[in-house]
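Below, each chain spelled out in residue letters.
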Amino acid sequence: MSTENKDNIHHGELVEVEEVVEFTPAYRWQHWIRALTIVVLTFTGFYIAYPFIDPSSNPEPTNFLYANMRAVHLAFGFLMIAAVLIKTYLTLLGKADTYKAEFVSMKDLINPKIWIHQLGYYMFLSKHPPLKGVYNPLQFMAYFAMYILFYLLIITGIVLYVHVYHEGLGGALYGIGRWFEVLMGGLANVREIHHISMWALLIIIVIHIYMAVFNAVFGKNGSMDAIFSGMKWNKKH
Amino acid sequence: MNENNVRSEEMPVGDDNVRVEDMPVGENEHASGLPSGLKRIVVDPITRIEGHLRAEVVVGDDGVVQDAFVSSTLFRGLEIIAKGRDPRNVPLIMQRICGVCTYSHYLKSTMSMEDALGITIPYNAALVRSLMDASLFMHDHPVHFYQLHGLDWIDITSALKADPAKAAKLAFKYTKNPIATGENDLLKAQETVKKFASHPQGLGPFANAYWGHSTYKLTPEQNLIGLSHYLKALEMQRKVAQMMAIFGGKNPHPQSLVVGGVTCIMDMLDPARMAEFMVKYKDMKNFINNAYYADVVMVAEMYRDEPSVMKEITIKNFMAGDGLLVGRKEYLLSKGMILDGDLSTVHEINEDLITEEATHAWYQVDEPLHPYDGDSEPKHTGFVESESVGPDGKMVHSQNIDPVGKYSWIKSPRYDGKPMEVGPLASILVSYASGNKRVVKIVDQFLSDTGLPLSALNTVLGRTAARMLQAKVIADHGLEAFDNLVENLKVDQESCARYVIDNDKEYKGRGIGEVPRGMLSHWTRIKNGVVSNYQATVPSTWNAGPIDARGVKGPYEMNLIGLKIADLTQPLEIIRIVHSFDPCIACAVQVMDVRGNKISEYKVDPLYGGVCSV
Amino acid sequence: MKVSTKETTYDSLYATFEERIEKLKKLPKMKEDTSIEQAIEENGFSRREFMKWAGAMTAMLSLPASFTPLMAEAVKVADRLPIIWLHMAECTGCTESLLRSANPSIDSLIFDYISLEYQETIMTAVGWQAEQNLENAIKKYKGRYILMVEGGIPNGDTEYNLTVGPHGKSGKKISQDASKDAAAIFAIGTCSAFGGVQAAAPNPTNAVALSEVTDRPVINVPGCPPSEKNIVGTLMHYLLYGTLPALDVFNRPKWAYRLRIHDLCERRGRFDAGEFVENFGDEGAKDGYCLYKVGCKGPYTFNNCGKQKFNQGTSWPIQAGFGCIGCSEPNFWDTMGTVNEPLRDRLYHTTLGGLGADATADRIGIALLTVTTVGIAAHAAIAAVKPPKK
Ligand code: HEM
Ligand code: HEM
Ligand code: NFV
Ligand code: SF4
Ligand code: SF4
Ligand code: F3S
Ligand SMILES: [Mg+2]
């Protein structure tokens, strides 16, 4: 990985940088696993909602495309559940500095000055505020919303799942699943909430990717690379 | 011709029948609010109908009805609910107006969408729909005659005294091939009820009726035949409902019509299913001819001297829609109008002249207004505290209709300002007067079998007979649609037209035609791809509506006036008359607002491509 | 091991039968004022005739003649189950469905199993007499009758949009009064179970489910209408076992509403294969492809239609090629979207005041995504010209 920061080149001056571990490998893995599950779940989810591929080259019902799509959706669904649960656990109780730093971001979150400066920064009005944690308040809110959506998708997904597979896990979760079903006013609504949550997530992700690129281009350090390599470059002082 | 029928606009109704609100209120006044010598009778609930209906009459000392009011006591507001919904959902919502004529609203609503969108449905679809329609008529009319209306004519307690052997012989008097009237059948029917009656729990649903009433006219043996057919009809209605379910998926509330056609293509293309339909059809045809027809002839024979059912009806304006398509453009039942009972001319219906009145209906119309200016928001004013004849003949406290105020959820439709009767009687008379060959033959046969004159149809008995005659026309000829379907399937398997709904366009359309209780029309407007306005103008509304702005009453109320009631605590005569209309009050109570719905404005948009499901 | 002979089987049967009759005898009689024998005689049956009848019944059930006196005894004590059926804001479709019952048939139901004390579509009494029947039944069978209610209940300001009887009592009041002393309450049809069609937005009459107006437990038997099997089956459960059925989360009997339409569907193989009817009447429709893409809501609907079917197994909506509209689910008129479109195409026009009359979740999603992308592009463009402050 290059030690040259595009940012620095862009501004025409060369600054000495040092590599700092921003993200541990595990952290990066789970990020990309989650990213992958979202992509696969979105694709298969869209298919489940409206089967847009016509598999039938022969009239015999032997090609179980829909069932396969659902199987993939469920497999990745459970992968996502695992990833989200692990990440939640780590954020709340993780020992590594990164997770602690995530926690520290809360301090920035409740600081109105940082909010104003952060907004100002994105609106090209003010400088980037100094942060105590890893995420600025907007970022934090975005990730927080993402998690709400994950859990919504997971809960609604499980409620749908218990009606697809009645044995084992499906059977064990049946009671709680149906409790949620009543809460949401029936299975049709569950499906609808699942679907809408997907859209909300997609929109946040598009913004997320842009912000990641934006920060990578204009930010002071290589957060874009960080999520790939785990490193970022802080100015040497 | 009877001068009493349609009143000219200037002449308020009741000139010859004193109306309550015109009466002086003075020292004679009762707690009932009526002058002395007059008593009010309330009949609520009227049972053995669809919906919630009340009748109130004011009788003199002689037991003759001076004035009559009919009120519907339930409002649901489905037309309001239709607004803003996808046009394809609305027919299913409209279907839930009524579970008795379960198919009528589904079909007419679907047709209104097709009219609006300019869709011509495939011939196969039209014929399948017609076969389903036939099964509705063949279900609805016999069920009405036996289960709903039957016990107004048949006294089942008298049947317990009958001699089954004698009754079995008697049955041959009315048909060559009697059904369920062998001595054993009759004995069994008698035993069923006897066992039932002997149980300490008593008569269950038949308890506390007006058994033994002086206007029951059948002999014990005839009553026993009727009773056996009552039980047989319970079985037959179940079977004939299966006919509709073959193409409709279920009954009540079939589910196989879509805007554009029908969905039951697998059943339509399945010879076993088709045969099943045909066989059941013939089975029911047999019942209609050898039980229903025969019993109506029997009833006509015995009741022809009973004044309460032979009084000539006063409103002799009849309106009918076309019904039961059997060929590309051929219907079994003719459309048109008869005015003032004049059978020499069948008038064309000009739908522009249909209006509504809500002066006495629970909607927000303060003054008597022309319906084009009407408002369809509900305004419920309820009943007033008063008195009426109680179950034991004494005056008791009750909630009563306010004759000068609003008193029903049903509006009063008018044609060119005139009240009209719709229903099988209208349909049969219009078809007869139009020279509809199939109908003329069957009507003439009935008249000769009973020895009654044609004018006898203008009575309560005639109305009940006409319903049977309509069922017979359909039973005898409906399979023409089946034969044409079979023929057409050899060359064409289309079942659904394709179309798209353009969200940028506005559409208007209506579905109109004859249903079991008369002429039904559904009117729709579509805007932004959703229904923006919706009205159903329903048969029972025409018949059961309250007094209009000019003080003119509709068919139900007019039919009751002048009726003599033998026993004020047992108003069987009232029930018999009201039942003769086959009330469907859930149907009747649909807010009618024809403002702007002139038929001339209903432009048909050209059919253009797309897919049925889009 | 002793092989039980016919005789010993009958012996033990006789014993249990006797025992049951003794127990039944101890229960309070329905009508205290008339003895059964009295009633029988009053209605022209002699004791001899009655015993003859009991003999015939015994033979019909293939029991030895020794059972005849017992049978006569049993008839005397076995009461038909009293039923009160109320009509509220409804279309009578549920009553019609009841009439379609075949096993037991509606006539045998009425004459052999139940005592239909009040049912406005079937009963002969009218007006005051009808009202008396209702009041008497509630009194006489206090705590022992089954209440079945068809229709939603107009509530609140619009409670009096339904009144019945000479006293103009509201439907709500009538159903509350009848609920009080019922042994069990069945809400028949989606109207009564969940409010139904009149409760669909904007619910002009404030119609609510029966369970909203009474504190008594209500068993929901939804469907619009429910099949004859589900109505009568719920009743037969009570008649056969003397108990109420196990219920699901929406208080529906599990025996009928445990599984989804989708789980019992004859087209499920097609679904899993991804073979869908694209347009009504197409080749797929002729071959019985799955109706999901033309709007089937079977995956979200709990009912046994595919198993029990309607009209004595004649058919059901999916067999007729239409697809399920979700008629046994709460608020299905509002939650299931367009009948001929998959759920993802549910319209959201109401929230946008008619502006986006065709708005579905996907369209709204795409629109928002487009707005987002445009915003991003604008932001990026500005950033290219005027980078953020350092
Ligand atoms: C351009 C490439 C991307 C970069 C540079 C990037 C960077 C980051 C960074 C730095 C974080 C915060 C660290 C973390 O919490 O894991 C993050 C979080 C996240 N990213 Fe990305 N990301 C990228 C693409 C994606 C994509 C394509 C997806 C999904 C399809 C995605 C989904 C997520 C999610 C769900 C989070 C969750 C927040 C959390 O777990 O705390 N990212 N990303
Ligand atoms: C990013 C996460 C997810 C996305 C984007 C997503 C998307 C979707 C979509 C669009 C649908 C179709 C809904 C419709 O008919 O409109 C669907 C269905 C479904 N999803 Fe997900 N989903 C996600 C996560 C999950 C999870 C975590 C589970 C849990 C196991 C799950 C289980 C299901 C099930 C069982 C169905 C219904 C399948 C059927 O009924 O045949 N999903 N999903
Ligand atoms: N009136 C009425 Fe109906 C009919 N037939 C429908 O339009 O009954 Ni329910
Ligand atoms: S549930 Fe359906 S069928 Fe039953 S009364 Fe209500 S609308 Fe009619
Ligand atoms: S037709 Fe409906 S219920 Fe049957 S498999 Fe297809 S989606 Fe499921
Ligand atoms: S619409 Fe209703 S009838 Fe059955 S198939 Fe669906 S639940
Ligand atoms: Mg109307």
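Residues numbered from 1 in each chain as written. Chains lettered and ligands numbered in written order. Predicted model: local features only at pLDDT ≥ 70, side-chain atom pairs only at ≥ 80, totals over all residues. Heavy atoms only, no water.

For chain C, the count of helices and strands is 16 helices and nine strands. With 390 residues in all, chain C has 62% of them scored as buried. Within the structure as shown, chain C displays about 15,000 Å² of accessible surface, and the carbon and sulfur contribution to it stands at 57%. (Helix = DSSP H or I, 4+ residues; strand = E, 2+ residues; numbered from the N terminus. Buried < 20%, exposed > 50% of the residue type's maximum accessible area, 1.4 Å probe, protein only. Areas by Shrake-Rupley, 256 points an atom, 1.4 Å probe, with all protein chains shown as cover.)

Moving on: the sheet that holds strand β1 (residues 81–87) of chain C. All names here are of chain C. Taking strand neighbours across the sheet as the criterion, the five strands line up as β2-β1-β3-β7-β9 in an open arrangement whose pairing is parallel. Of all strands in the sheet, those bounded by a partner on one side alone are β2 (114–119) and β9 (219–221). Across this sheet, the average inter-strand angle for adjacent strands is 25°, counted without regard to direction. Where strand β3 (residues 145–150) meets strand β7 (residues 182–188), six bridges bridge the pair, whose relative direction is parallel. Note on β7: the bridge partner recorded for I146 is A184. In the packing of helix α6 (residues 106–113) onto the sheet, the strands contacted are β1 and β2, and the crossing angle to β2 comes to about 105°. (Pairing = 2+ DSSP bridges. Axes fitted to C-alpha atoms, helices over the stretch in contact; angles between N-to-C directions. Contact = heavy atoms within 4.5 Å.)

What follows concerns the site of ligand 1. All names here are of chain A. In the vicinity of ligand 1 there are 20 residues, among which Y27, H31, K87, Y147 and H208 approach most closely. With respect to ligand 1, the side chain of H31 contributes an N or O atom lying 2.6 Å from a nitrogen atom. Broken down by secondary-structure element, the contributors of at least two residues to the shell around ligand 1 are α2 (25–49), α6 (137–161), α8 (187–218) and α9 (223–229). For the shell around ligand 1, the leading source of residues is α2, giving six residues. Taken together, the residues that form the shell around ligand 1 break down as 15 nonpolar, two polar and three charged. (Near = heavy atom within 4 Å. Polar contact = N/O pair within 3.5 Å; in protein donor to acceptor, adjacent residues only side chain to side chain. Nonpolar A, V, L, I, M, F, W, Y, C, P; charged D, E, K, R; others polar.)

What follows concerns the interface of chain A and chain C. Every contact between the two is made by 53 residues of chain A and, on the other side, 50 residues of chain C. Where chain A abuts chain C, roughly 4,400 Å² becomes buried across the two surfaces, and 63% of that area is made up of carbon and sulfur atoms. Here A:R178 ties to C:D248 by a salt bridge, and the two come within 3.8 Å at their closest N and O atoms. The interface formed by chain A and chain C includes 16 residue pairs in polar contact (both at pLDDT 80 or more). Among the secondary structure elements, those contributing two or more residues to the side of chain A that touches chain C are α2, α3 (65–93), α5 (112–122), α7 (168–183) and α8 of chain A. Per-class residue counts for the side of chain A that touches chain C are 32 nonpolar, 13 polar and eight charged. (Buried area = accessible area lost by both parts, 1.4 Å probe. Salt bridge = Lys/Arg side-chain N within 4 Å of Asp/Glu carboxyl O.)

Attention now goes to the packing of aromatic side chains. Residue and element names in this part refer to chain A. Taken as a whole, this structure holds 44 aromatic pairs over all chains when the rule is applied. Ring plane angle 80° and centroid distance 5.1 Å describe the contact between F78 and Y161, whose orientation is recorded as edge-to-face. With F78 in helix α3 and Y161 in helix α6, the pair connects residues that are 83 residues apart, well separated along the chain. On the basis of an interplanar angle of 40° and a centroid distance of 5.9 Å, the ring pair of Y210 and F214 is categorised as tilted. (Phe/Tyr/Trp six-rings, centres within 6.5 Å; stacked < 30°, edge-to-face > 60°.)

Turning our attention to the coordination of the iron atom of ligand 2. All names here are of chain A. Around the iron atom of ligand 2, the donor atoms from the protein are H73 (NE2) and H194 (NE2), and they sit 1.9 to 2.1 Å away. If you look at the iron atom of ligand 2, its six donor atoms make angles of 85 to 179° with each other, and the shape they trace is octahedral. A residue pair is termed long-range when its members are at least 10 positions apart, and H73 in helix α3 and H194 in helix α8 qualify at 121 residues. In terms of burial, H73 and H194 fall into one category: buried. (Donors = N, O, S within 2.8 Å, 3.2 Å for Na, K, Ca; no water. Tetrahedral: all angles 85-135°; square planar, octahedral: opposite > 155°, others 65-115°.)

The subject of this paragraph is the pattern of salt bridges. Tallied over the entire structure, the rule returns 47 salt bridges over all chains. Its salt-bridge partner being B:D392, residue B:K394 comes within 3.6 Å of it at the nearest N-O pair. By the burial criterion, B:K394 is exposed, and B:D392 matches it. Here C:D272 and C:R268 are joined by a salt bridge, their closest N and O atoms 3.4 Å apart. You can see C:D272 and its partner C:R268 sitting in helix α12 (residues 268–273), four residues apart, about one turn around the helix. According to the relative accessible area criterion, C:D272 is buried, its value standing at 15%. Sharing partners across several salt bridges, the network here consists of A:R70, C:R260, C:D263, C:R268 and C:D272.

Moving on, we get to the packing of helix α8 (residues 220–248) of chain B against α6(C). In the contact formed by α8(B) and α6(C), the axes pass within 8 Å of each other and the chain directions differ by 135°. One element, α8(B), and the other, α6(C), form an angle in the oblique class. Listed contacts from α6(C) to B:L231, B:L234, B:Q237 and B:R238 of α8(B) are C:I106, C:D107 and C:F111. Looking at the contact of α8(B) with α6(C), its residues break down into four nonpolar, one polar and two charged. (Parallel < 35°, antiparallel > 145°, perpendicular 65-115°, else oblique.)

All right, on to the sheet that holds strand β16 (residues 530–537) of chain B then. Residue and element names in this part refer to chain B. An order of β14-β15-β16 is seen for the three strands of this open sheet, with the pairing classed as antiparallel. This sheet does not close on itself; its edge strands, each paired only once, are β14 (507–515) and β16. Taken pair by pair, the neighbouring strands of this sheet meet at an average axis angle of 15°, ignoring direction. Where β14 lies against strand β15 (residues 518–527), nine bridges are found, and the strand directions are antiparallel. Paired with G513 across the two strands is L520, which belongs to β15. Each of β14, β15 and β16 is contacted by helix α3 (residues 104–117), which is oriented at about 145° to β14, the strand it contacts most.

Residue and element names in this part refer to chain C. With domains assigned, chain C is organised as domain 1 (2–257), domain 2 (262–343) and domain 3 (351–385). Across the contact, 24 residues belong to domain 1 and 16 residues belong to domain 2. Taken over both partners, the interface formed by domain 1 and domain 2 buries close to 1,600 Å², and the fraction arising from carbon and sulfur atoms is 52%. Applying the counting criterion to the domain 1 and domain 2 interface returns one salt bridge. When the shortest N-O distance is used, the salt bridge between E329 and R252 registers 2.7 Å. In this structure, the connection of domain 1 to domain 2 is made through ten residue pairs in polar contact (both at pLDDT 80 or more). Counting residues per element, the ones that place at least two in the side of domain 1 that touches domain 2 are α9 (189–194), α10 (228–241) and α11 (254–257). In terms of residue class, the side of domain 1 that touches domain 2 is built from 14 nonpolar, six polar and four charged. (Domains from an automatic or database assignment.)

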